[in-house]
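Architecture and fold: a report
So you can see what is in the structure, the chains are spelled out below.
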Amino acid sequence: MNATPTPTLELRGVSKNFGSVQALQDVDFEVRQGEVMALVGDNGAGKSTLIKCVAGIYSIDGGQIFFEGEPVTIHGPKDAAKLGIEVVYQDLALCDNLDVVQNMYLGREAHDPVFRLREAPMERRTAETLKSLSVTTIRSVRQPVATLSGGQRQSVAVARAVLWNNKLVFLDEPTAALGVAQTRQVLDLVKRLAEQGLAVVLVSHNLVDVFEVANRITVLRLGRNVGVYERSKTNEQEIVEAITFGAPAPEEVVA
Amino acid sequence: MSSAAPAEVQAAVEDQDSVVAILRARWVAIRSGDVGSLPVIIGIIAIALFFNSKTSLFFSAVNFQNLIGQMAGVTVIAIGVVFVLLIGEIDLSIGFVSGLGGVAVAYFQQAGTGHQYPGLVALGLAILTGLVIGLIQGSIIAFIGVPSFVVTLAGLLVSQGLILQILGTQGVIGIQNVQINDISNYVLSKNTGWIVAIILTVALAAAAFGSYVSRLRAGLPTGNLFLVVVRVAFFGGVAFAAVYVCNRAKPRPGLPLVGLIVVFLVVLGGYVASRTTFGRHVYAVGGNAEATRRAGINVKLIRILVFMISGAMAAMGGVILASRLNGISLESAGGGTILLDSISAAVIGGVSLFGGRGRVSGALFGGLIIGMVANGIDLVGYSDAIKFITTGVILLAAVTLDTVLRRRQAAAGR
């Protein structure tokens, strides 16, 4: 792991309210370049809210967001994209009827001045990107996404993040709907993303997956920080207790 | 594993350009539900053989020339329908919008009134009418979110009312303008026809080999050069055969200008749909509108533009229909089977009602099938009852096929 002094993304004291419901209270969060940070917590812990705040879908009510050390305000998905933040949502946001190349370049197609598509460079870069991520199971980048398996579709969605030279990728439950072999594919892909120098945030309910790929683990509970754990210095038991009851260590217990 | 992978990929790239591999890949695609234009081509051949067995007139030169004129209007309207279906919407107003286009072109060429304009200006104003109607309908659908079914149903009624209002006192407007009447009635001279066939074939070859060479340069799978040649030869051959047959038609030998207009609009529409960013986004909206929105594409704008294309194509189709009759009347303006024939043409041509699947050329194939059935049944002397029933059965078969294939394609994915 590349220990960079400034985190790629840092949240300090971020709060978000929906009416009287406090979805996030004074939450701190960070992720560094080349690291996989897992974000775990029970339903309603605030994981999705946190993602949507960073993705620009929600605006934050308090606290501050820093990107590569600079304070930033993110007003919409376009701001997030401009910074180099890509979110791979659970429902993938792929068009089934389009092929792999068309999906990878959707909304950012290469074209000449009269809006004629330049297929050759798009197809070549798609193939190169998939190859660099060792996604070898997709037979042709010209086959419609509808004909791909769940793991392959997830790979395409993740590869889209890499293609655009993003610095930070959020993966929302990437293995939730996958079988054993496909989960393996996607987890390998997640590791490779970090190896390529991206900051990766993995949101997952599956602690086996989390312990397999994450370098550190941030636990949220009821919209508050419980703690950040080094994978090498913790175990599943401790994380489960943190998710369910809050901080396990007596001196950290909050009333 | 990772060291072996590049070699495998390399082998696959070399393999997949051989004729056998391409045909095998095609066969796999067909079995998983991606049949392309295969059913419609089989349908065209079957219908032609059937009517040929009933009457020798069907394969006569003059009937072929006649068929081009008969199918032109509906085919052009169907091009607009293809775009609307691709984004997963429907446009029920096209029938009477086409009538309105016919009324507009006739109205703006009327001699001895304050609104007589040259033929091409009248044509432009008719198309503008369609564009404006499309803009209004599309805006209501995109911004307010009223279902297109209802908006265009209202558009159908309003357009019909406008036609009644304008034609009301006389019930008919004749077209004297030569330019407008030539749209459907002019035939090219024999030699001009041959020149057109040559130009079409050369352009087709240039496009096909251009894309082959650019893919070769980029180091991408190119498809097989032999199959590219076969394709060019086939479509070039169709162009030459059409000119040859039309040049033998009596009493007015020659390729009808309207046939050329239809081919031009189909090629233009196909180009926009498959080669431009706009076309790509049209398919994306039909596939997954939410994903398209998240990709930063202005989905509302795409919807509005598509309904404008639909309105413009309907108006153009209406001009062709009016030109063929040298005028527009309450009976001919947009009523009858125009709406259903146009939607049927697009659907029979393989365009999915569920959005995102189909090609603009489907309008031409579907228009040809509908035109052949109507033409053949008239020639044989069957009644209109048989015509409606036959068209209905073909439409049902096309939609059933689409639904079954869709399910099969979805099943092949998981």
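Residues numbered from 1 in each chain as written. Chains lettered and ligands numbered in written order. Predicted model: local features only at pLDDT ≥ 70, side-chain atom pairs only at ≥ 80, totals over all residues. Heavy atoms only, no water.

**Focus: the overall build of chain B**
So the rule is basically this: Labels follow the DSSP assignment, with helices taken as runs of H or I lasting at least four residues and strands as runs of E lasting at least two, numbered in each case from the N terminus. What the globule rule says is 2.2 Å times the number of residues to the power 0.38, and the radius of gyration is computed from C-alpha atoms. Should any heavy atoms of two residues lie within 4.5 Å, those residues are considered in contact. Residue burial considers only the protein chains on display, and all accessible areas are found by Shrake-Rupley using a 1.4 Å probe.
Tallying secondary structure elements over chain B gives 17 helices and two strands in all. Against the globule reference of 22 Å for 414 residues, chain B gives a C-alpha radius of gyration of 23 Å, in line with a compact fold. Referenced to the eigenvectors of the C-alpha coordinate spread, the extents of chain B come out at roughly 80 × 55 × 40 Å. Nonlocal contacts in chain B, meaning residues at least 24 apart in sequence, comprise 79% of its contacts between residues at least 6 apart. About 19,500 Å² of surface is accessible on chain B, with carbon and sulfur atoms providing 69% of the total.

**Description of the interface of chain A and chain B**
Note the following rule: By buried area we mean how much accessible surface two parts lose on assembly, using a 1.4 Å probe and totalling the loss over both. Any N or O atom pair separated by 3.5 Å or less is treated as a polar contact, with the protein-specific requirement of one donor-capable and one acceptor-capable atom, and with residues adjacent in sequence counted only for side-chain atom pairs.
Listed per partner, the contact involves 27 residues of chain A and 29 residues of chain B. Summed over both partners, the interface of chain A with chain B comes to about 2,500 Å²; 58% of that surface belongs to carbon and sulfur atoms. Considering only the surface of chain A that becomes buried against chain B, Asn97, Leu106 and Leu117 of chain A emerge as the three largest contributors, covering 19% of it. Counting every contact that joins chain A to chain B gives eight residue pairs in polar contact (both at pLDDT 80 or more).

**A word on the sheet that holds strand β3 (residues 36–40) of chain A**
Residues and elements named next belong to chain A. Rules: Only strands that DSSP links by at least two bridges are regarded as paired with each other. Under this scheme, a helix contributes an axis fitted over its contacting stretch, all axes are lines through C-alpha atoms, and angles between N-to-C directions fall in the 0 to 180 degree range.
One open sheet accounts for six strands, arranged β6-β7-β8-β3-β9-β10; its pairing is mixed. The strands lining the two open edges of the sheet, one partner per strand, are β6 (85–88) and β10 (224–230). Recorded for the sheet is a direction-independent mean angle of 20° between the axes of neighbouring strands. Here strand β9 (residues 216–221) runs beside β10; their pairing, made up of six bridges, is antiparallel. Considered in β10, the bridge of Ile217 is made with Tyr229. Along the sheet, helix α6 (residues 180–195) contacts β3, β7 (168–172) and β8 (199–203); its crossing angle with β8, the most-contacted strand, is approximately 150°. Sitting on the sheet, helix α8 (residues 236–245) touches β3, β9 and β10, and the angle it makes with β9 is about 25°.

**Examining unusual backbone geometry**
Rules: When accessible area is computed with a 1.4 Å probe and restricted to protein chains, residues below 20% of their type maximum are described as buried, those above 50% as exposed, and intermediate ones as partly exposed.
The step from Lys250 of chain B to Pro251 of chain B runs through a cis peptide bond, and the omega angle for that step is 10°. One can find Pro251 of chain B in the loop between α10 (225–247) and α11 (257–275). Phi is positive for Asp26 of chain A, which is not a glycine, with a value near 55°. Non-glycine residue Glu173 of chain A carries a positive phi angle of around 50°. Among the structural elements, Glu173 of chain A can be located in the loop between β7 and α6. Judged by its relative accessible area of 10%, Glu173 of chain A falls in the buried class.

**A word on the domain arrangement of chain B**
All names here are of chain B. Selection criterion: Residue ranges for the domains trace back to a domain assignment, done automatically or taken from a database. Any carboxyl oxygen of Asp or Glu within 4 Å of a side-chain nitrogen of Lys or Arg constitutes a salt bridge here. The residue classification treats Ala, Val, Leu, Ile, Met, Phe, Trp, Tyr, Cys and Pro as nonpolar and Asp, Glu, Lys and Arg as charged. All others, Gly included, are polar.
Examined at the domain level, chain B breaks down into domain 1 (37–186 + 256–413) and domain 2 (187–255). Once you take the C-alpha centre of each, domain 1 and domain 2 turn out to be 25 Å apart. Together domain 1 and domain 2 conceal approximately 1,000 Å² of surface at their shared face, both sides included; 72% is due to carbon and sulfur atoms. Ranking the residues of domain 1 by area buried against domain 2 places Gln65, Tyr186 and Leu260 at the top, with a combined share of 41%. On inspection of domain 1 and its partner domain 2, the count reaches zero salt bridges. Counting the contacts that link domain 1 with domain 2 gives four residue pairs in polar contact (both at pLDDT 80 or more). Taken together, the elements giving at least two residues each to the side of domain 1 that touches domain 2 come down to α4 (61–86) and α11. The element that contributes the greatest number of residues to the side of domain 1 that touches domain 2 is α4, accounting for five residues. Residues of the side of domain 1 that touches domain 2, tallied by class, amount to eight nonpolar, two polar and no charged.

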